[in-house]
Amino acid sequence: MKVAITKMKPNPTNPRVLRDEKFAKLKQSLMDFPDMLNKRPIIAVTDADGKLMVLGGNMRLRACQDLKMKEVPVILADEWTEEQ
């Protein structure tokens, strides 16, 4: 499903961060091949505030925000347990 980027929020405990050149490469990749997001969508769960918190794809979300995208493909994983 496609979700408005304004309804998404990053995971505050995300351990992975891409900086500088690697982040620029990710953004360029999304510009060159936007269909990649359909093949590798962001995984998210609905948080207590109603926003979708990212479980997988925090840096892709940040890159999409930087690129001013309005929507992103998301797989909703609300049925997963915290252990999963």
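Residues numbered from 1 in each chain as written. Predicted model: local features only at pLDDT ≥ 70, side-chain atom pairs only at ≥ 80, totals over all residues. Heavy atoms only, no water.

**Details of the side chain of arginine 60**
Note the threshold: Strands here mean DSSP runs of E at least two residues long; helices mean DSSP runs of H or I at least four residues long; both are numbered from the N terminus. In this scheme, a residue with accessible area under 20% of its type's maximum is buried, one over 50% is exposed, and one in between is partly exposed, where area comes from a 1.4 Å probe on protein chains only. Charge counting follows a simple rule: Lys and Arg are positive, Asp and Glu are negative, and His as well as the terminal groups are ignored. Salt bridge criterion: a side-chain nitrogen from Lys or Arg within 4 Å of a carboxyl oxygen from Asp or Glu. In this analysis, two residues are considered to be in contact whenever any of their non-hydrogen atoms come within 4.5 Å of each other.
Mapped onto the elements of the fold, arginine 60 is located in helix H3 (residues 58-66). Buried and unpaired, arginine 60 has no salt bridge, with aspartate 35 as the nearest side chain of opposite charge at 12 Å. Apart from the residues lying within four places of it in its own chain, the contact partners of arginine 60 are Leu26, Leu30, Met36, Leu37, Arg40, Pro41 and Ile42.

**Some words on the sheet that holds strand E3 (residues 42-46)**
For the record, the criterion: One requirement defines pairing of two strands: DSSP has to find at least two bridges between them. Axis geometry follows a simple rule: fit a line to the C-alpha atoms, using only the stretch in contact for helices, then measure angles between N-to-C directions, giving values from 0 to 180 degrees.
With respect to topology, five strands assemble into an open sheet ordered E1-E5-E3-E4-E2, the strand pairing being mixed. This sheet does not close on itself; its edge strands, each paired only once, are strand E1 (2-4) and strand E2 (8-9). Here E3 pairs with strand E4 (residues 52-56) via four bridges, running antiparallel. The residue bridging isoleucine 43 from the neighbouring strand is glycine 56, located in E4. Sitting on the sheet, H3 is in contact with E2, E3, E4 and strand E5 (71-76), with an inclination near 125 degrees to E4.

**Quick look at the layout of surface pockets**
Let me state the cut-off plainly: Here a cavity is any set of points on a 1 Å grid over the protein atoms alone where a 1.4 Å probe fits but cannot get out, and a pocket is any open set with protein on both sides within 12 Å along at least 5 of 7 lines; a residue lines the site when it has an atom within 4 Å of a point. Grid points are joined across faces, edges and corners, and a volume is the space filled by probe spheres set on the points. Three categories are distinguished: nonpolar for Ala, Val, Leu, Ile, Met, Phe, Trp, Tyr, Cys and Pro, charged for Asp, Glu, Lys and Arg, and polar for the others, with Gly belonging to the last.
The calculated volume of the largest pocket comes to roughly 270 Å³. As for the largest pocket, its lining consists of 15 residues, and the residues nearest its centre are Arg16, Gly57, Asn58, Met59 and Arg60. Taken together, the elements giving at least two residues each to the lining of the largest pocket come down to E4 and H3. Residues belonging to the lining of the largest pocket are distributed by class as follows: six nonpolar, six polar and three charged. Size it by volume and the second largest pocket reaches roughly 170 Å³.

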